[in-house]
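Remarks on the overall topology
Here is how the chains run, residue by residue.
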Amino acid sequence: MNLTGMMLIGGQAVAGRRERIRAIDPSTDQALEPGYAGADREQVEQACALAWEAFDAYRETAPETRARFLETIADEMEALGDALIERAMTETGLPRARLQGERGRTCGQLRLFARTLRAGEWLDARVDPAMPQRQPLPRADLRQRQVALGPVAVFGASNFPLAFSVAGGDTASALAAGCPVIVKAHSAHPGVSELAGRAIARAAEKCGLPAGVFALLFGDGREAGQALVADPRVKAVGFTGSCSGGLALCRLAQSRPEPIPVYAEMSATNPVFLLPAALRARGEALAQGFVGSLTLGAGQFCTNPGLIIAEQGPALDGFLAAASALLRQSPAQTMLTPGIFRAYQAGVDALSGHARLAAAGLPATGPNQCQAQLWLADARDYLAKPALRAEVFGAAALIVQCKDAREFRQLAEQLEGQLTATLQLDEGDLDLAHALLPTLERKAGRILVNGWPTGVEVCDAMVHGGPYPATSDARATSVGTAAIQRFLRPVCYQDFPDALLPQALQHANPLALRRLLDGSREG
């Protein structure tokens, strides 16, 4: 399938007017064709105007219409076949199996949101009928539903070129909510972004939706990205990336005459607590699980286990010896971009001034390859040196050794906000786990027992979020069906005639929703 280097605005291929960007094959450091010219401010404005023009019609499409739209996007993504996978391999250095799995996840979450739309619970319909005879005051007829916020700006992620990018979770949940989407493609994989964007545009056309329901822009974040977030017609932002990038978008969004929410997933070290009984009973198995999770995909996962907390002593020494032996056999892996590789090198260099290197993987054999590293520090140093708390994006982890349970709790209390926290425990650890749990509930969006945090299931119960700096809004998740709530707001209708009410709130309940009727669920 030929790539054009074009953006998509109003369902049409459009040439950008700013400097061209080219993807880099990280395995060779070679630039890839075609070049992608960026959007200027006028083109950003055009995309936003078309999205706003489409908004009122799109947000009131039937849930079934939007469900078919999401399913058609999934069908179109699958119809791209090997062309999508091969371009993604070239632009990211990721292996075929990983990308095939990621496409499956991307299509799966599109279809999951289609199911969510049909179920209708996302509307949260509530009906409190009029009580004209109530004393001392009558009650008006009050009805509430959720409505779409407005056009959403989505910034594609570097580490998931499909599942967190053009057709990824932010786009799927915003489209499901009834919000047109304008995607600012990540500059590391413009070819993959073009292919995915064309799939969405074809799906919109097949489903007879307004042309402004989707747009794809390329370009420098300082012009195209800032212009997009600053446009008054954009009502929310979805972002996955660095803490500096997410905070810059938050500041810009809050400085607007009308501030808007930014749902930014940014930074986490995802602590794993190796509790004493578990460490004594199965230290070698824990070491195998840890190294497998740490080195998966060169450690380029938001939920990579970058921090291990354990009590010092023979059990930890055995774990460290087993993990070090496994790590020394781990091949270096190509990272996503030269920039990510340079950031990884800077991160491990920063650790070297404050921690001891325990083990390293096999040396690099090509450009931009991550050599896995394991570092060691004492709890006292970790608490005293902020540099030890910084995320290193890649296959590097810090083991912090504690003297006793008190230091366990002290470390937990001093953690920053996290996407995940993990407890490796046996029955003899339950008292300590109980003591840690209230703190971890305050610190993390997902808490695991006897697992490893890499691998995020796309389902109803999943939370991929957490307190700052894991995300900019701890109340939200970017994975799972609850992600739709980010792009909705409640509206109450008082004393409306039935003919004027939206279908979700009409007396006959034509959508057959399980509404909250006078405090009890219908159906």
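Rules and cut-offs
In every chain, residue numbers begin from 1 and rise along the written sequence. Reporting of local features is limited, given that this is a predicted model, to residues whose pLDDT is at least 70; pairs of side-chain atoms are given and counted only at 80 or more, and all residues count toward the totals for whole chains, interfaces and linings. Based on all heavy atoms of the structure, the side-chain values leave hydrogens and waters out of the count. UniProt positions are given in the numbering used here, feature names are shortened, and annotations may be inferred rather than shown by experiment. For two strands to pair, DSSP has to find at least two bridges joining them. Secondary structure is summarised from DSSP: a helix means a run of H or I of at least four residues, a strand means a run of E of at least two, and numbering begins at the N terminus for each. Salt bridges are counted wherever a side-chain nitrogen of Lys or Arg sits within 4 Å of a carboxyl oxygen of Asp or Glu. Classification of residues uses two cut-offs on accessible area relative to the type maximum, computed with a 1.4 Å probe and protein chains only: under 20% is buried, over 50% is exposed, and between them is partly exposed. Note on geometry: axes are lines fitted to C-alpha atoms, helical ones only across the stretch in contact, with angles between N-to-C directions running from 0 to 180 degrees. In what follows, roughly perpendicular refers to angles from 65 to 115 degrees, roughly parallel to angles under 35, roughly antiparallel to angles over 145, and oblique to any angle outside these ranges. Helix crossings get a hand from a simple test, with the near helix turned counterclockwise from the far one by less than a right angle marking a left-handed crossing and a clockwise turn marking a right-handed one. Between two residues, a contact is recorded if the distance between any of their heavy atoms is within 4.5 Å. Of the two site types, the cavity is a set of points on a 1 Å grid over the protein atoms alone where a 1.4 Å probe fits but cannot get out, and the pocket is an open set with protein on both sides within 12 Å along at least five of seven lines, each lined by residues with an atom within 4 Å of a point. Grid points are joined across faces, edges and corners, and a volume is the space filled by probe spheres set on the points. Residues are grouped as follows: Ala, Val, Leu, Ile, Met, Phe, Trp, Tyr, Cys and Pro are nonpolar; Asp, Glu, Lys and Arg are charged; every other residue, Gly included, is polar. To estimate how far a helix should reach, multiply one less than its number of residues by 1.5 Å. Note on aromatic pairs: the rings of Phe, Tyr and Trp (six-membered ring only in Trp) are paired at centre separations within 6.5 Å, and the planes decide the class, stacked below 30 degrees, edge-to-face beyond 60, tilted for the rest. For a lysine, the NZ atom is tested; for an arginine, the CZ atom; a charge sits over a ring if that atom is within 6 Å of the ring centre and within 35 degrees of the ring normal.

Identification of the protein as 2,5-dioxovalerate dehydrogenase from Chromobacterium paludis is taken from an unreviewed UniProt entry. Per UniProt, the comment on the protein under Sequence similarities (unreviewed entry) is "Belongs to the aldehyde dehydrogenase family."

Our focus in this paragraph is the sheet that holds strand E23 (residues 488-494). Strand order in this open sheet of five strands is E23-E8-E7-E24-E25, and the pairing throughout is mixed. The outermost strands of the open sheet, each flanked by one partner alone, are E23 and strand E25 (520-521).

Turning to the pattern of salt bridges, a few remarks are in order. A side chain with one charge can pair with a side chain of the opposite charge if their charged atoms come near. Counted under the stated rule, the structure contains 31 salt bridges. Note that Arg118 and Glu71 form a salt bridge whose closest N and O atoms lie 2.7 Å from each other. Remark: Glu71 occurs in helix H2 (residues 63-79) and Arg118 occurs in helix H4 (residues 96-119); sequence separation between them is 47 residues. Using a relative accessible area of 24% as the deciding quantity, one classes Glu71 as partly exposed. Arg143 is the salt-bridge partner of Asp141, the closest N and O atoms lying 2.6 Å from each other. Taken as a pair, Asp141 and Arg143 share a single burial class, namely buried.

Attention now goes to the packing of helix H3 (residues 82-92) against H4. Direction vectors running N to C along H3 and H4 enclose 125°, while the axes themselves pass 10 Å from each other. By the angle between their directions, the pair H3 and H4 is classed as oblique. Two packed elements cross with a definite hand, and for H3 against H4 that hand is right-handed. On H4, the residues that touch Asp82, Leu84, Ile85, Glu86, Ala88, Met89 and Thr92 of H3 are Arg96, Leu99, Gln100 and Arg103.

The next thing to look at is unusual backbone geometry. Backbone torsion omega between Glu33 and Pro34 reads 0°, so that peptide bond is classified as cis. Mapped onto the fold, Pro34 is located in the loop between strand E5 (30-31) and strand E6 (36-37). Cis geometry marks the peptide bond from Gln135 to Pro136, where omega comes out at 10°. Structurally, Pro136 can be placed in the loop between strand E7 (126-128) and strand E8 (142-148). Residue Asp124 is not a glycine yet carries a positive backbone phi of 45°.

A few words now on empty space enclosed by the protein. Under the defined criterion, the tally for this structure stands at three cavities of 30 Å³ or more. Ranked by residues supplied to the lining of the largest cavity, first place goes to strand E20 (residues 396-402) with three residues. For the second largest cavity, the calculated volume is near 90 Å³. Along the walls of the second largest cavity sit 15 residues, with Tyr263, Ala264, Glu265, Thr471 and Ser478 positioned nearest its centre. When residues of the lining of the second largest cavity are assigned to their parent elements, the largest contribution, three residues, is made by strand E13 (residues 262-265). Along the lines of polarity and charge, the residues of the lining of the second largest cavity split into four nonpolar, seven polar and four charged.

With 17 residues, H2 extends 24 Å from end C-alpha to end C-alpha; this agrees with the ideal 24 Å at 1.5 Å per step. Listing the buried residues of H2 in full gives Pro63, Thr65, Arg66, Ala67, Phe69, Leu70, Thr72, Ile73, Ala74, Glu76 and Met77. Gly81 lies just past H2 and shows a positive phi near 60°.

Counting across every chain of the model gives 11 aromatic pairs. Ring geometry for Phe273 versus Phe408: centroids 6.2 Å apart, planes at 35°, classification tilted. One end of the pair, Phe273, is in strand E14 (residues 271-274); the other, Phe408, is in helix H13 (residues 405-414), with 135 residues separating them in the sequence. On the basis of relative accessible area, Phe273 is assigned to the buried category, the value being 0%. For the cation-ring pair, Arg66 lies above Tyr58, with the distance from its terminal atom to the ring centre recorded as 5.9 Å.

Next up on the list: H4. In this model H4 runs 35 Å from its N-terminal to its C-terminal C-alpha over 24 residues, within 8% of the 34 Å that 1.5 Å per residue would give. Positive phi appears at Gly120, one or two residues downstream of H4, with a value of about 85°.

You can see Gly466 is positioned in the loop between strand E22 (444-449) and E23. Judged by its relative accessible area of 3%, Gly466 falls in the buried class. Distance from Gly466 to Glu416, taken between C-alpha atoms, is 9.9 Å for residues 50 residues apart in sequence. The contacts of Gly466, once residues within four sequence positions are left out, are Gln418, Gly445, Thr471 and Ala474.

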